[in-house]
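Examination of the molecular architecture
Chain by chain, the residues:
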Amino acid sequence: MRKLTYFIACSLDGFIGDPSGDASAMLAFVDEEYFAFLKSEYPETLPTQGRRALGLDDLENKRFDTVIQGRGSYDLALKEGDTSPYAHLREYVASRTLTESPDPNVEIIGDDLVAKVRELKEEDSEFGIYLCGGSQIAGELIDEIDELVIKSYPIVYGTGMPMFGSDFAVTEFTLDGVRSFGNGAVVRTYSRKR
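As a further point, take the pattern of salt bridges. Following the criterion strictly, the structure yields 16 salt bridges and no others. Between Glu123 and Arg90 there is a salt bridge whose closest N-O contact spans 2.5 Å. Here Glu123, found in the loop between helix H4 (113-122) and strand S6 (128-133), pairs with Arg90, found in strand S4 (residues 90-94); they are 33 residues apart in sequence, far enough to count as distant. A residue is classified by how much of its surface remains accessible, and Glu123, at 28% relative accessible area, is partly exposed. Exposure remark for Arg90: the relative accessible area of 31% places this residue in the partly exposed category. Across the pair Glu172 and Lys193 runs a salt bridge whose closest N-O atoms are separated by 3.4 Å. Remark: Lys193 occurs in the segment after strand S10 (186-192) and Glu172 occurs in the loop between strand S8 (161-162) and strand S9 (173-180); sequence separation between them is 21 residues. Residue classification places Glu172 among the partly exposed residues on the basis of a relative accessible area of 47%.

Structure (structure tokens):
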């Protein structure tokens, strides 16, 4: 069975963006060392436009062949005129308001997101599924998430968009690894305790 991995950036106090979802303050931490890590370990998480601009279009997928994101995350790309932000992956956007896809590479999941994720997890593939965000769909899919990769940056927001927009429930994960960087960023990997 394929894993669903929530690969997410956050502040020290657990927010993935400011109250409007803007996470641009975190971009300052993508220095040479950190970018080399992303490029070598999680190349498919780099958006297609950025890969092309940096001449990295030929990077092979290492962990994922499918990405799921919420409407808010997808809207960030749409505002830049990018209708397929992860063209190197099979793309799904969870949205109850976007009824038609603006791109043939992007499939809209309008209802029963959990059932669709379970269907994707049952597929035969050596690659997993990348949950890109945001908060609401992570909360909706909490019971389906098998792995967390949390990229923490040394900033505090005080308030903002939480990693999980869900009701209170204790969900346990086991720490698998920690990697720290000279810029103060820390990447923690957890497996779902089942």
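Still more to cover.
So, on to the pairing of S10. Pairing geometry for strand S7 (residues 147-153) and S10, over 6 bridges, is antiparallel. Within S10, the residue paired with Val149 across the bridge is Thr189. In textbook terms, the turn of a hairpin is the stretch between consecutive antiparallel strands, and for S9 and S10 this stretch comprises 5 residues, one of which, Gly184, has a positive phi near 95°.

One broad trend across soluble globular proteins is that nonpolar side chains are buried collectively. Within the largest apolar cluster, 23 residues are counted, with the highest numbers of intra-cluster contacts made by Tyr6, Ile68, Leu113 and Leu131. Those elements giving two or more residues to this core turn out to be strand S1 (4-11), S4, H4, S6, helix H5 (135-140) and S7. Aside from chain neighbours lying at most four places away, what touches Leu131 is Leu4, Thr5, Tyr6, Phe7, Ile68, Ile137, Ala138, Leu141 and Ile145. Counting residues in hydrophobic clusters, the runner-up holds 21 residues, among them Phe37, Phe64, Val67 and Tyr130.

Turning our attention to the packing of aromatic side chains. Pairs of aromatic rings are described using the distance from one ring centre to the other and the angle between the two planes. Taken as a whole and judged by the stated rule, the model has 11 aromatic pairs. Seen from their ring centres, Phe7 and Tyr42 are 4.7 Å apart, and the 40° between their planes marks the pair as tilted. Residue Phe7 is found in strand S1, and its partner Tyr42 is found in the loop between helix H1 (32-41) and helix H2 (48-53); the two are separated by 35 residues along the sequence. By relative accessible area, which is 5% here, Tyr42 ends up buried. On the numbers, 5.9 Å between centres and 65° between planes, the contact of Phe37 with Tyr42 is edge-to-face. Residues Phe37 and Tyr42 agree in their burial class; the two are buried. One aromatic cluster is present, formed by Phe7, Phe29, Tyr34, Phe37, Tyr42, Phe64, Tyr86, Tyr130, Tyr153 and Phe181 through successive ring pairs. Directly above the aromatic system of Tyr42 lies the positively charged group of Arg63, at a separation of 4.2 Å from the ring centroid.

Procedures and definitions
The written sequence of each chain sets the order in which its residues are numbered from 1. Per-residue local features are limited, in this predicted model, to residues with pLDDT of at least 70; the limit for side-chain atom pairs, both in listing and counting, is 80 or more; totals at the level of whole chains, interfaces and linings are taken over all residues. The basis for every side-chain value is the complete set of heavy atoms in the structure, and neither hydrogens nor water enter the calculation. Any carboxyl oxygen of Asp or Glu that lies within 4 Å of a side-chain nitrogen of Lys or Arg is treated as forming a salt bridge with it. A run of H or I in DSSP counts as a helix once it spans at least four residues, and a run of E counts as a strand once it spans at least two, with each numbered from the N terminus. The classification of residues rests on relative accessible area computed with a 1.4 Å probe and restricted to protein chains. Under 20% of the type maximum is buried, over 50% is exposed, and intermediate values are partly exposed. Strands pair, by our definition, only if DSSP identifies at least two bridges between them. Definition used in this section: a nonpolar core is a set of buried Ala, Val, Leu, Ile, Met, Phe, Trp, Tyr and Cys residues joined via side-chain atoms within 4.5 Å. Any pair of residues with heavy atoms lying within 4.5 Å of one another is described as a contacting pair. Stacked, tilted and edge-to-face are the three classes assigned to paired rings of Phe, Tyr and Trp, where Trp is represented by its six-membered ring and a pair needs centres within 6.5 Å; plane angles under 30 degrees give stacked, over 60 edge-to-face, the rest tilted. We call a charge positioned above a ring when the Lys NZ or Arg CZ atom is no farther than 6 Å from the ring centre and deviates by at most 35 degrees from the ring normal.

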